[in-house]
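Summary of the model geometry
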Amino acid sequence: MSDFNIKNIMETIEMIKVHHLDIRTVTLALSLRDCACEDVKKTGEKIYNKILKYAKNLSVYANELEDEFSIPIINKRIAVTPISIVGESAKEFDYVYLAKMLDKAAKEVGVDFLGGFSALVEKGATRGDRALVESIPEALRVTERVCSSVNLATSKAGINMDAVLQMGRIIKETANLTADKDGLGAAKLVCFCNSVSDNPFMAGAYCGISEPECALNIGVSGPGVVRWAIENMSKTADLGEVANVIKKTAFKITTTGELVGRELAKRLEIPFGVIDLSLAPTPAEGDSVAGIFQAMGLEQAGAHGTTAALAMLNDAVKKGGTMASSYVGGLSGAFIPVSEDAQMIEAARSGVLTIDKLEAMTSVCSVGLDMIAIPGDTPEATLAGIIADEMAIGMINKKTTAVRIIPVPNKKVGDSAVFGGLLGEAPIMPVSSLSSDIFVNRGGRIPAPIHSLNN
Amino acid sequence: MSEQKIVVTISGSDKVGIVAKITAVLAQCRVNIEDIRQTIMQGHFVMLMLCDISASDKPFKEIKEQITDAAASLEMEVWIQRKEIFDSMHTI
C-alpha cells in the first residue's frame, strides 16, 4: 500500500460493517458431462463422487477467506451441467433419483443450493429434456437444495410456446406439491430466455455445456453500499454525477469480489471463472435495490421513473464493474426479486408496485420477474402468458430474462407467502383476470426475430 | 499469499493502555509493525496498524484470535484483515 490511508480503510470497513458489502456467492461450476451412463444408478454414483471430489473443500476454504478479509461470504453453491443431458443416456430415465443424488452431495459438502437440474428446450425437447421437465415437481418436492431451470427461448431460436405452456402447468404442480411451505418448490424453479452458462446465482445457475471441467464463479453484491454512496450526494446532483458515483462504487464492490474469488480459486486449485457483478438484495434492512431508487429521489419503487432509474443503475454497475475485472460474466446487472428486497416487499404490499411495472423494469435489468407470489388459483394459461411476455422481452432485446413466479396454494391477494431465509416473504400480487387460454394453447414456436440473422 | 501484510483497525473509547496492550500481543507473535496511524473520529479513538506477519511462527488465524481477545479485554472493536482488500478497492 503506497499510501496507508485511514479514510480508505475506514470506508472499506464501513461498507462491510454497515452497508452489507459481501460476497453473495461463491459457486463451483462443475461439468458432469462425463457422468452419463446407460445405468442411471451408476450415473447417480458418479455425480455424487465427482461433486464430493471437487467441492469438499469449498466451504472450508471459503470460511478461511471470510476470516482473512473479514468479509462475509454469504453462500457457497454448486452449479452443474444441465441434468437432462447427464441423465439422457440411461436405458431407463430416473431424473428424480438423480435429483436426490445431487441433494445428497450438496448436503455432504455443505453448500446451500445446487443448481443445474435443467433443460435447454428453446428449439424443442429431446426425450431426456421432456422427462426431466415432467419430473421437476416431484424432484423439487423431495429435495431441499436442488434448483431447477428451463430455457424456453433464445434470440436465435425464438420462443418454444409448447414448452411455455408446459411450464405453466409444471410451475403450478411444483407449487401444489409444496403447498405446506407456501409453494416453496416454485421458488427453486426458473424459466429463462437467453440463459447464461456461467451464472453463479440461484435458482438459475447451471454449468453450460461449453464451460470447462470446473471453475469458480463469484457473485458479489452491495446494493446497500450503492444506496449509501448516493445518499451522501447532494439532492441536486445531476443524473450524470449519480451515474458516476454508482460506477465508482460498483468498481469497489467488484474488486473485492475479484480478490476473494481469485484467492479462493487458487486455494481450491481450480480456475477462476467469472465475476457476476449483479446487485442482489436480501431482505435485511439496508440491503435493498428498491432503496437505491428512493436514494435517487423516487418516492418508492413503482413510481413513474423507476424504469429509467433502474436502466441507469444497471448500466452504471456494468461500467464500473468491468473496470475491476477482466472476466465479467453471469447476469451482471441489477436484480429485482420481490420477496428478497425489503422495500420491494413494502411497495408490492401497498399495491404501488405492480406486475405490469415489474415487467417494464425487466426490460432494462438483468433478471426478470423474480420471486413474485401470485394467487394459487391463477390458471395455467395465465402463467404461460406471463412467461411468454418475459420471453418476448428477452428475445427481442437480446438479453436474459426469466420468470420465477410462485402461485401460492390456497392464498389470494392480501395474503402473504413466507419462504424464509434469503428467499424472504412475499405479498400475493394480483394478475390480470383476462384469459390467455386460446393464445397459449396454440403452441408451436414463436419465430426468432429478424435481427437474429446477423451473419 | 506471497505478501503477508495485514491491517489491524481498532476503535472504541480512548483509555490508557490501548497501544501498549495491542503492540505487546503483536510483539509476542513476532509481528512487525510497519506503520501506525491514529485519530479521533466522532469521539472514538481509531488506530490503524500496518503489520507484517511473515516472520511470525503463528498462523493468521491464531494471530487474529489473540488480537481479538486483547481488543475485547479493552472493550474495543477490532478488524484484522489482509491488506490486499484495501489495495484492490482503492487503486485502479
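Treat the numbers as computed from the prediction; the structure is a model and nothing was measured.

Calculation rules
Residues numbered from 1 in each chain as written. Chains lettered and ligands numbered in written order. Predicted model: local features only at pLDDT ≥ 70, side-chain atom pairs only at ≥ 80, totals over all residues. Helix = DSSP H or I, 4+ residues; strand = E, 2+ residues; numbered from the N terminus. Rg over C-alpha atoms; globule rule 2.2 N^0.38 Å. Buried ≥ 20, exposed ≤ 12 C-beta atoms within 10 Å, placed from the backbone. Contact = placed C-beta atoms within 7 Å. Pairing = 2+ DSSP bridges. Axes fitted to C-alpha atoms, helices over the stretch in contact; angles between N-to-C directions. Domains from an automatic or database assignment. Nonpolar A, V, L, I, M, F, W, Y, C, P; charged D, E, K, R; others polar. Parallel < 35°, antiparallel > 145°, perpendicular 65-115°, else oblique. Left-handed = near helix turned anticlockwise from the far one by under 90°. Expected span 1.5 Å × (residues − 1). Arc of directions from axis to C-beta.

1. Points about the overall build of chain B
- From N to C terminus, chain B includes 3 helices and 4 strands.
- Its helices and strands in sequence order give chain B the pattern β-α-β-β-α-β-α, from N to C terminus.
- Relative to the 2.2 N^0.38 estimate, which gives 12 Å for 92 residues, the radius of gyration of chain B is 13 Å and therefore close to what a compact globule would have.
- Overall, the C-alpha framework of chain B stretches about 35 × 35 × 20 Å when taken along its three principal axes.
- Per-residue burial over chain B gives 33% buried out of 92 residues.
- In chain B, the proportion of contacts linking residues at least 24 apart, taken out of those at least 6 apart, comes to 69%.

2. Re the overall build of chain A
- When you go through chain A residue by residue, the secondary structure sums to 15 helices and 13 strands.
- Whereas a compact globule of 455 residues would reach a radius of gyration of roughly 23 Å, chain A reaches 21 Å, a difference of no more than 12%.
- The C-alpha extent of chain A, read off along each of the three principal axes, is 65 × 50 × 50 Å.
- Of all 455 residues assigned to chain A, the portion counted as buried reaches 58%.
- In chain A, of all internal contacts separated by at least 6 residues, the share reaching a separation of at least 24 is 80%.

3. Remarks on the sheet that holds strand β2 (residues 32-41) of chain B
- Pairing is antiparallel across the open sheet formed by 4 strands, whose spatial order is β2-β3-β1-β4 (chain B). Looking along the sheet, the strands with just one partner apiece sit at the ends: β2 and β4 (77-82) of chain B. With strand direction ignored, the average angle separating the axes of adjacent strands in the sheet is 15°.
- Where β2 of chain B and strand β3 (residues 44-52) of chain B come together, 9 bridges link them in antiparallel fashion. In the sheet register, aspartate 35 of chain B faces β3 of chain B, and the bridge partner there is leucine 50 of chain B.
- Along the sheet, helix α1 (residues 6-17) of chain A makes contact with β1 (5-12), β2, β3 and β4 of chain B, crossing β1 of chain B at roughly 80°.
- Sheet strands in contact with helix α2 (residues 60-73) of chain B are β1 and β4 of chain B, and its direction is about 165° off that of β4 of chain B.

4. What about the pairing of β3 of chain B?
Residues and elements named next belong to chain B.
- Here β1 pairs with β3 via 8 bridges, running antiparallel. Bridge pairing in β3 links threonine 9 to leucine 48.
- Hairpin geometry of β2 and β3 is characterised by an intervening segment of 2 residues between the two adjacent antiparallel strands and by a positive phi of about 50° at glutamine 42.

5. Quick notes on the environment of tryptophan 228 of chain A
All names here are of chain A.
- Relative to the assigned elements, tryptophan 228 resides in helix α8 (residues 223-231).
- You can call tryptophan 228 buried: it has 21 C-beta atoms within 10 Å.
- Expressed as a C-alpha distance, the spacing of tryptophan 228 and methionine 15, which sit 213 residues apart in the sequence, is 8.7 Å.

6. Here's the deal with the domain arrangement of chain A
Residues and elements named next belong to chain A.
- One can read the domain layout of chain A as domain 1 (25-193) and domain 2 (218-442).
- At the level of secondary structure, the elements contributing two or more residues to the side of domain 1 that touches domain 2 comprise β1 (22-30), α3 (58-69), β4 (146-154), β5 (158-160), α7 (161-177) and β6 (189-193).
- Top element by residues in the side of domain 1 that touches domain 2 is α7. It accounts for 10 residues.
- For the side of domain 1 that touches domain 2, the residue count by class is 26 nonpolar, 8 polar and 3 charged.

7. With respect to unusual backbone geometry
Residue and element names in this part refer to chain A.
- With omega at 15°, the peptide bond leading from methionine 202 into alanine 203 counts as cis.
- By the element assignment, alanine 203 lies in the loop between β6 and β7 (214-221).
- Although it is not a glycine, serine 70 adopts a positive phi angle of roughly 50°.
- Looking at the element boundaries, serine 70 is found in the loop between α3 and β2 (73-80).
- Given 19 C-beta atoms within 10 Å, serine 70 falls into the partly exposed group.

8. Comments concerning the packing of helix α2 (residues 40-55) of chain A against helix α5 (residues 95-109) of chain A
All names here are of chain A.
- Close contact between α2 and α5 brings their axes to 9 Å; oriented N to C, the two are set at 20°. Between α2 and α5, the interaxial angle falls into the category roughly parallel. Every pair of crossing elements has a handedness; the one defined by α2 and α5 is right-handed. Residues Val40, Thr43, Gly44, Ile47, Tyr48, Ile51, Leu52 and Ala55 of α2 lie in contact with α5, whose contacting residues are Tyr97, Leu98, Met101, Leu102, Lys104, Ala105, Glu108 and Val109.
- Here the contact of α2 with α5 is built from residues that sort into 12 nonpolar, 2 polar and 2 charged.

9. Remarks on α2 of chain B
- Taking 1.5 Å as the rise per residue, α2 of chain B with 14 residues should run 20 Å; its terminal C-alpha atoms sit 20 Å apart, in good agreement.
- Where α2 of chain B is concerned, the buried positions are Ile63, Lys64, Ile67, Ala70 and Ala71 of chain B. One side of α2 of chain B holds all its buried residues, which, seen down the axis, span an arc of 130°. Opposite the buried face of α2 of chain B, by more than 90 degrees, sit the exposed residues Lys61, Glu62, Asp69, Ala72 and Ser73 of chain B.
- Tucked into the core, α2 of chain B has its buried residues touching α3 of chain A together with β1, α1 (18-28) and β4 of chain B.
- Where α2 of chain B ends, the next residue or the one after it, glutamate 75 of chain B, has phi of about 55°, a positive value.

10. Some points on the interface of chain A and chain B
- Listed per partner, the contact involves 17 residues of chain A and 22 residues of chain B.
- Every element with two or more residues in the side of chain A that touches chain B is listed here: α1, α3 and α9 (239-268) of chain A.
- For the side of chain A that touches chain B, the residue count by class is 8 nonpolar, 5 polar and 4 charged.

11. A closer look at the pairing of β4 of chain B
Residue and element names in this part refer to chain B.
- The buried fraction of β4 amounts to 5 of the 6 residues, a majority that puts the element mostly inside the structure.
- With 6 bridges joining them, β1 and β4 adopt antiparallel strand pairing. Bridge pairing in β4 places valine 7 opposite glutamine 81.

12. Let's talk about helix α12 (residues 342-349) of chain A
Residue and element names in this part refer to chain A.
- For α12, every residue scored as buried is listed here: Gln343, Met344, Ile345, Ala347 and Ala348.
- On its buried face, α12 is in contact with α10 (290-296) and β12 (425-427).
- Looking one or two places after α12, you find glycine 351, whose phi comes out positive at around 80°.

13. Things to note about the packing of helix α11 (residues 306-324) of chain A against helix α13 (residues 355-362) of chain A
Residues and elements named next belong to chain A.
- It is at 9 Å that the axes of α11 and α13 come closest, and there the two elements cross at 30°. Judged by the angle between their axes, α11 and α13 are roughly parallel. Of the two possible hands of crossing, α11 and α13 adopt the one that is right-handed. Here Thr306, Thr307 and Leu310 of α11 come into contact with α13, specifically with Lys357, Ala360 and Met361.
- Residues belonging to the contact of α11 with α13 are distributed by class as follows: 3 nonpolar, 2 polar and 1 charged.

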